[in-house]
2 protein chains.
Amino acid sequence: MTRFLTVGAAQMGPIQRSHSRREVVERLVAHLREGKRMGCDLVVFPELTLTTFFPRWYMTDQAEIDAFFEAEMPSNETAPLFNEAKRLGLGFCLGYAELARENGRVRRFNTSIIVERDGQVVGKYRKVHLPGHAEHEPQRPFQHLEKRYFEVGNLGFPVFKAFGGNIGMCICNDRRWPETYRVMGLQNVEMVLLGYNTPIHNAPAPDHDEHTWFHNQLSMQAGAYQNGTWVVGVAKGGTEEGIPSLADSMIVAPSGKVVARAGGDGDELVVHRCDLDAGQSYKRSTFNFAVHRQPDQYRMIVERKGAMDP
Amino acid sequence: MTRFLTVGAAQMGPIQRSHSRREVVERLVAHLREGKRMGCDLVVFPELTLTTFFPRWYMTDQAEIDAFFEAEMPSNETAPLFNEAKRLGLGFCLGYAELARENGRVRRFNTSIIVERDGQVVGKYRKVHLPGHAEHEPQRPFQHLEKRYFEVGNLGFPVFKAFGGNIGMCICNDRRWPETYRVMGLQNVEMVLLGYNTPIHNAPAPDHDEHTWFHNQLSMQAGAYQNGTWVVGVAKGGTEEGIPSLADSMIVAPSGKVVARAGGDGDELVVHRCDLDAGQSYKRSTFNFAVHRQPDQYRMIVERKGAMDP
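The structure displayed is predicted, hence computed values, not measured ones.

Novice: I'd like to hear about the packing of helix α5 (residues 178–185) of chain A against helix α6 (residues 212–227) of chain A, residue by residue, with values.
Specialist: How two helices sit against one another is set out by the angle between their axes and by the gap between those axes. Residues and elements named next belong to chain A. At their nearest, the axes of α5 and α6 sit 9 Å apart, and the two run at 30 degrees to each other. In terms of orientation, α5 and α6 fall into the roughly parallel class. Where α5 crosses over α6, the two elements pack in a sense that is right-handed. Judged by residue contacts, Y181, R182 and G185 of α5 engage S219, M220, G223, Q226 and N227 from α6. For the contact of α5 with α6, the class distribution of residues is two nonpolar, five polar and one charged.

In structure tokens:
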């Protein structure tokens, strides 16, 4: 069987602090139109698509911080994106900073949503693996304060029935953790939508910088192969507020093979016609979990958080 | 800091059914001597080193099956290996079919052991992820009856203090499962010793055959990077009893980079001087588990064996 879903990885070039939501949404709409022209069913935008990657700054004024968050979705400023997608009959996945009110409490998450072709939000994910740090570290050339500005996601790694398949999401640093893909694999995920903002320079481990493209690709390829799923990795690229970031958006097949990737580091749509059934041969053979997994031997994965010497 | 361990991945060419244990042990001893000459502290042999890969045959005579197993280690036939290693002051890791008597019961495992430089067995592992099938499948060009001839390992994925570091083991199909490396990573593993016998042809999924080298490398690279550990992958190669197998032994650094690999598919020693501290920068930054892991979000990994649709 074949079950095709044509997906566009909508890489974004830099979004500077001076850029308004309106300007960004215009760029997203341009991606949608290009996606429509190229036969896409679904266009995937990066992590925190609507603003510059603000965790690079230490801020103490909550109003200044909250200006990077969305208190509603769609909002007045993002409605044109939803409207255009619905008009074109295209789905999309969008990452944004979410300001939620839950049980009378304000909460902030690094979030992504799946919007179906009729404009309805059919799935939400909140980033679990927040990288970086919570306190100001002035010795760094720039900050990575995700642990300060966001709470750890509280929705698990859900998989949704959408676009005729089983679709999951994760965000940026989540992609380096095999647990991320495995929890979705255990729900028969067929395509993982994954946006990222990754500075090339990693202050705590500068010796990793030369490997950053390799690590990005390796993580997504392994997650794809080991769960028999497509992975659609969508970057913010280019130099944003003086900080160069990774780009290298790519679409990875369930074999682990990279089948499409960005050529540059600006706004660029990378399109591939994906057979959602392509993972079946993996799910039925090498990675037939019901036949081969041994969860009793994996207990340490949930019983221990940090590593301990034997 | 640097803490060097020079390791030799002792790839083996085919071992035919007609080859005696004595002949095989002579080849292993030759590897040890070459390892000594090249400065090795430790030589790693493949899975089921001492015989041909017998799960390719359906056998019903238990005596015929048990002839491939070792009831003691060292045995008369393997003592020359232990003696030569001790004489040279070399450690080794050896895979073999283990016939054990536990609580008055005969049990059979696909096992590997770590032998320190003084000849003492300091670690044992029994393969957890047995691939293949338990019943005769005559439609296959050859069988893969590990699920018939072995029990699932009952020792977990232990990590041992040996050779001045934290050393773990896994066997063949274990390497495709991120759970394998993660359980060892949670014990601060610094080097994983991994032997394999992998037929190039995968009967249930022949469309994977063209990717078999890539999948082998991808699995080991991801396991290394995601846990900041060395991985020493040691193959049986060449055409054994008419069945071509993978070869491509390699040593993978904690960065995920392949730093040494076999050039051929016969007996070949691949040596690298490994800094056991090279993984520290990963363990302290990106993969500082205590800071970044979220075990509450991983429960499905142990609560569910097979995949289920959302």
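Don't stop here, the text continues.
Novice: Any details on the packing of helix α1 (residues 21–37) of chain B against helix α3 (residues 79–88) of chain B? Residues and values, ideally.
Specialist: All names here are of chain B. At their nearest, the axes of α1 and α3 sit 9 Å apart, and the two run at 10 degrees to each other. Judged on the interaxial angle alone, α3 and α1 are roughly parallel. Together, V25, L28, V29, L32, R33 and K36 of α1 and P80, L81, E84, A85 and L88 of α3 make up the contact between the two elements. Among the residues forming the contact of α1 with α3, the class breakdown is eight nonpolar, no polar and three charged.

Novice: Any details on unusual backbone geometry? Residues and values, ideally.
Specialist: Residues and elements named next belong to chain A. In this model, M73 is joined to P74 through a cis peptide bond whose omega is 0 degrees. Of note in the backbone geometry, L48 takes a positive phi value of approximately 45 degrees without being a glycine. By secondary structure assignment, the location of L48 is in the loop between β2 (42–44) and α2 (62–66). At F163, a position not held by glycine, the phi torsion is positive, near 55 degrees. By the secondary structure assignment, F163 is in the loop between β6 (159–162) and β7 (165–171). Take F163: its relative accessible area is 5%, and that puts it in the buried class.

Novice: With reference to specific residues and values, describe the sheet that holds strand β5 (residues 121–126) of chain B.
Specialist: Residues and elements named next belong to chain B. Here six strands make up an open sheet; going across it, the order is β5-β4-β3-β2-β1-β13 and the pairing mixed. Edge positions in the open sheet fall to β5 and β13 (268–275), since each of these has one partner strand only. Pairwise comparison of adjacent strand axes, ignoring direction, gives a mean angle of 35 degrees for this sheet. Relative to β13, strand β1 (residues 4–11) is paired through eight bridges, and the arrangement is antiparallel. Paired with G8 across the bridge in β13 is V271.

Novice: How would you summarise the relation of the copies chain B and chain A if you had to cite specific residues and measurements?
Specialist: Overlay of chain B on chain A (RMSD 0.0 Å): rotation 180 degrees, translation along the axis 0.0 Å. The two molecules are tied by a two-fold rotation axis, judged by turn and shift. A shared binding surface is used by both copies, with 100% of the interface residues of chain B retained as interface residues in chain A.

Novice: Account for the sheet that holds β2 of chain A, with residues named and values stated.
Specialist: Residues and elements named next belong to chain A. Pairing is mixed across the open sheet formed by six strands, whose spatial order is β5-β4-β3-β2-β1-β13. Where the open sheet ends on each side, the last strands, each with one partner, are β5 (121–126) and β13 (268–275). Pairwise comparison of adjacent strand axes, ignoring direction, gives a mean angle of 35 degrees for this sheet. Judged from the three bridges that link them, β2 and strand β3 (residues 91–102) form a sheet pairing that is parallel. What sits directly across from V43, in β3, is F92.

Novice: Describe the interface of chain B and chain A, and please don't skip the residues or the numbers.
Specialist: Taken together, the contacts link 66 residues of chain B with 66 residues of chain A. Between chain B and chain A, the buried area comes to about 6400 Å², and carbon and sulfur atoms account for 60% of it. Applying the counting criterion to the chain B and chain A interface returns six salt bridges. Among the ionic pairs, K161 of chain B bridges to D309 of chain A, the shortest N-O distance being 2.8 Å. Viewed at the interface, chain A and chain B are joined by 40 residue pairs in polar contact (both at pLDDT 80 or more). Secondary structure elements with two or more residues in the side of chain B that touches chain A: β6 (159–162), α5 (178–185), α6 (212–227), α7 (280–284), α8 (289–292) and α9 (300–303) of chain B. The residue inventory of the side of chain B that touches chain A, partitioned by class, reads 29 nonpolar, 25 polar and 12 charged.

Novice: Outline the side chain of Q226 of chain A, supporting the account with residue identities and numerical values.
Specialist: If you trace the backbone, Q226 of chain A turns up in helix α6. When neighbours within four sequence positions are excluded, Q226 of chain A is seen to be in contact with R182, F287 and F289 of chain A together with R176, P178 and S219 of chain B.

Novice: Let's hear about the pairing of β5 of chain B: which residues, and what values?
Specialist: Regular strands place their side chains on alternate faces of the sheet. All names here are of chain B. Where strand β4 (residues 105–115) and β5 come together, five bridges link them in antiparallel fashion. If you follow V115 over to β5, its bridge partner there is V121. Counting the residues in the hairpin turn of β4 and β5 gives five residues, including G119, whose phi is positive at 90 degrees.

Novice: So what's going on with the packing of aromatic side chains? Residues and values would help.
Specialist: What the rule picks out here adds up to 24 aromatic pairs over all chains. Considering the side-chain rings of F54 of chain A and F68 of chain A, the 4.7 Å spacing of their centres and the 15 degrees angle between planes classify their relative orientation as stacked. Here F54 of chain A, found in the loop between β2 and α2, pairs with F68 of chain A, found in the loop between α2 and α3 (79–88); they are 14 residues apart in sequence, far enough to count as distant. The same class applies to F54 of chain A and to F68 of chain A, which are both buried. Feature note: the residues F54, F68, F69, Y149 and F150 of chain A constitute an aromatic cluster, connected by ring pairs. Against the face of F289 of chain A rests R293 of chain A, its NZ or CZ located 5.7 Å from the ring centre. The ring of F4 of chain B has R273 of chain B sitting right over it, with the charged end atom 3.6 Å from the ring centre.

Novice: So what's going on with the confidence of the model for chain A? Which residues, and what values?
Specialist: Averaged over every residue, the pLDDT of chain A is 97; the share at 70 or more is 100%. Of the two predicted TM-score estimates for the complex, the pTM is 0.98 and the ipTM is 0.97.

Novice: Please give an account of the side chain of S112 of chain B that cites residues and values.
Specialist: For S112 of chain B, the location among the structural elements is in strand β4. Sequence-distant contacts of S112 of chain B, defined by excluding residues within four places in its chain, comprise C93, L94, G95, G123, K124, Y125, M169 and I171 of chain B.

Cut-offs used in this document
Residues numbered from 1 in each chain as written. Chains lettered and ligands numbered in written order. Predicted model: local features only at pLDDT ≥ 70, side-chain atom pairs only at ≥ 80, totals over all residues. Heavy atoms only, no water. Axes fitted to C-alpha atoms, helices over the stretch in contact; angles between N-to-C directions. Helix = DSSP H or I, 4+ residues; strand = E, 2+ residues; numbered from the N terminus. Parallel < 35°, antiparallel > 145°, perpendicular 65-115°, else oblique. Left-handed = near helix turned anticlockwise from the far one by under 90°. Contact = heavy atoms within 4.5 Å. Nonpolar A, V, L, I, M, F, W, Y, C, P; charged D, E, K, R; others polar. Buried < 20%, exposed > 50% of the residue type's maximum accessible area, 1.4 Å probe, protein only. Pairing = 2+ DSSP bridges. Least-squares fit on C-alpha atoms with pLDDT ≥ 70 in both. Buried area = accessible area lost by both parts, 1.4 Å probe. Salt bridge = Lys/Arg side-chain N within 4 Å of Asp/Glu carboxyl O. Polar contact = N/O pair within 3.5 Å; in protein donor to acceptor, adjacent residues only side chain to side chain. Phe/Tyr/Trp six-rings, centres within 6.5 Å; stacked < 30°, edge-to-face > 60°. Lys NZ or Arg CZ within 6 Å of the ring centre and 35° of its normal. pLDDT = per-residue confidence, 0-100.

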